[in-house]
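The lines below spell out each chain.
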Amino acid sequence: MKTLLKVLLLALFAVVVFIPNNKIASWAYWSLFLLMFFILFLYYRFTYYVSEKTVGVIDPFKFSVFCAKVPPMTSEDLIRGRLVVSDTHFKLYQKGVKGNEAISLVWQREIAEIATIETGRVVGLRNGLIFTLKDGKKDLFAISSSSKVYENLIATLGWTAV
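No experiment lies behind these values; they were computed from the predicted model shown.

Cut-offs and rules
- Residues numbered from 1 in each chain as written.
- Predicted model: local features only at pLDDT ≥ 70, side-chain atom pairs only at ≥ 80, totals over all residues.
- Heavy atoms only, no water.
- Pairing = 2+ DSSP bridges.
- Helix = DSSP H or I, 4+ residues; strand = E, 2+ residues; numbered from the N terminus.
- Buried < 20%, exposed > 50% of the residue type's maximum accessible area, 1.4 Å probe, protein only.
- Axes fitted to C-alpha atoms, helices over the stretch in contact; angles between N-to-C directions.
- Parallel < 35°, antiparallel > 145°, perpendicular 65-115°, else oblique.
- Left-handed = near helix turned anticlockwise from the far one by under 90°.
- Contact = heavy atoms within 4.5 Å.
- Nonpolar A, V, L, I, M, F, W, Y, C, P; charged D, E, K, R; others polar.

Engineer: What is the right way to look at the pairing of strand β7 (residues 138–142) in this model?
Structural biologist: Along any regular strand the residues' side chains alternate between the sheet's two faces. As paired strands, strand β1 (residues 63–70) and β7 are joined by three bridges and run antiparallel to one another. Following the sheet pairing, Lys69 is matched in β7 by Phe141. With five bridges connecting them, strand β6 (residues 126–133) and β7 associate as antiparallel partners. What sits directly across from Thr132, in β7, is Lys138. Hairpin connection of β6 to β7: four residues between the antiparallel strands, including Gly136 at a positive phi of 95 degrees.

Engineer: Explain unusual backbone geometry to me, please; I cannot follow it from the model alone.
Structural biologist: Phi is mostly negative for residues that are not glycine, and the peptide bonds are mostly trans. In the Ramachandran plot, Ser145 falls in the positive-phi region, its phi being about 50 degrees despite a non-glycine side chain. Note that Ser145 resides in the loop between β7 and α4 (146–157). Classification of Ser145 by relative accessible area gives partly exposed; the value is 47%.

Engineer: Could you clarify how one ought to interpret the packing of helix α1 (residues 2–18) against helix α2 (residues 26–47) in this entry?
Structural biologist: Packed helices, taken two at a time, are described by the angle their axes make and the gap between the axes. The N-to-C vectors of α1 and α2 enclose an angle of 155 degrees; their axes lie 9 Å apart at closest approach. Relative to α2, α1 is oriented roughly antiparallel. Considering how the two elements wind past one another, α1 and α2 form a crossing that is left-handed. Only Tyr29, Leu32, Phe33, Leu35, Met36, Ile39, Leu40, Leu42, Tyr43, Phe46 and Thr47 of α2 make contact with α1, whose side of the interface consists of Lys2, Leu5, Lys6, Leu8, Leu9, Leu12, Phe13, Val15 and Val16. Broken down by class, the residue content of the contact of α1 with α2 amounts to 17 nonpolar, one polar and two charged.

Engineer: Can you help me understand the environment of Thr47 in this one?
Structural biologist: If you trace the backbone, Thr47 turns up in helix α2. When the C-alpha positions of Thr47 and Met1 are compared, they lie 9.6 Å apart, and in sequence the two are 46 residues distant. Thr47 has contacts with Lys2 and Lys95, leaving out every residue within four places of it along the chain.

Engineer: Just to check I follow, could you spell out the sheet that holds strand β2 (residues 79–85) for this structure?
Structural biologist: Across a sheet, strands are paired by hydrogen bonds formed along the backbone, either parallel or antiparallel in direction. With antiparallel pairing, the seven strands of this open sheet are ordered in space as β4-β3-β2-β1-β7-β6-β5. Each end of this open sheet is capped by a strand with a single partner; those strands are β4 (103–110) and β5 (114–123). Neighbour-to-neighbour, the strand axes of the sheet open up by a mean angle of 35 degrees, direction not taken into account. Alignment of β5 against β6, held across eight bridges, turns out to be antiparallel. By the bridge assignment, Glu118 is partnered in β6 with Ile130. The strands touched by α4 within the sheet are β1, β2, β3 (89–95), β5 and β6, with β5 carrying the most contacts at an inclination of about 170 degrees.

Shown next, in the form of structure tokens:
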């Protein structure tokens, strides 16, 4: 499916770039852009999005949010997936790491290892959550509306906000 979406996206891009907009109707030309954005959205969903329902079948959880873990090396891409909070662990599930799995556990951390959780800039202009571990290391997660997620996460854990 991802390959089909890539081909469709490339074909639409070629049509928009190489066919002059005065050769086809104006509404048709601009609707190609809308179609490209829709296909791009579908590609993103098929490639990265992990739903709560999919994770809930594998691992019961108390709280979850779609996010992107910032890797330790800045040259690597963000690890997009669903961060879940179980009774004892934080876990990050990613879509299709191995070809035969729908989702895979790519990161986990015991709740007891985390000293503080705070919000702030995590990468570039993106805000998110900063997990400071008891040994001083940090785990960074880029999350949209991080302050709202922070409040819900702290309430789920039963901690007090800093």
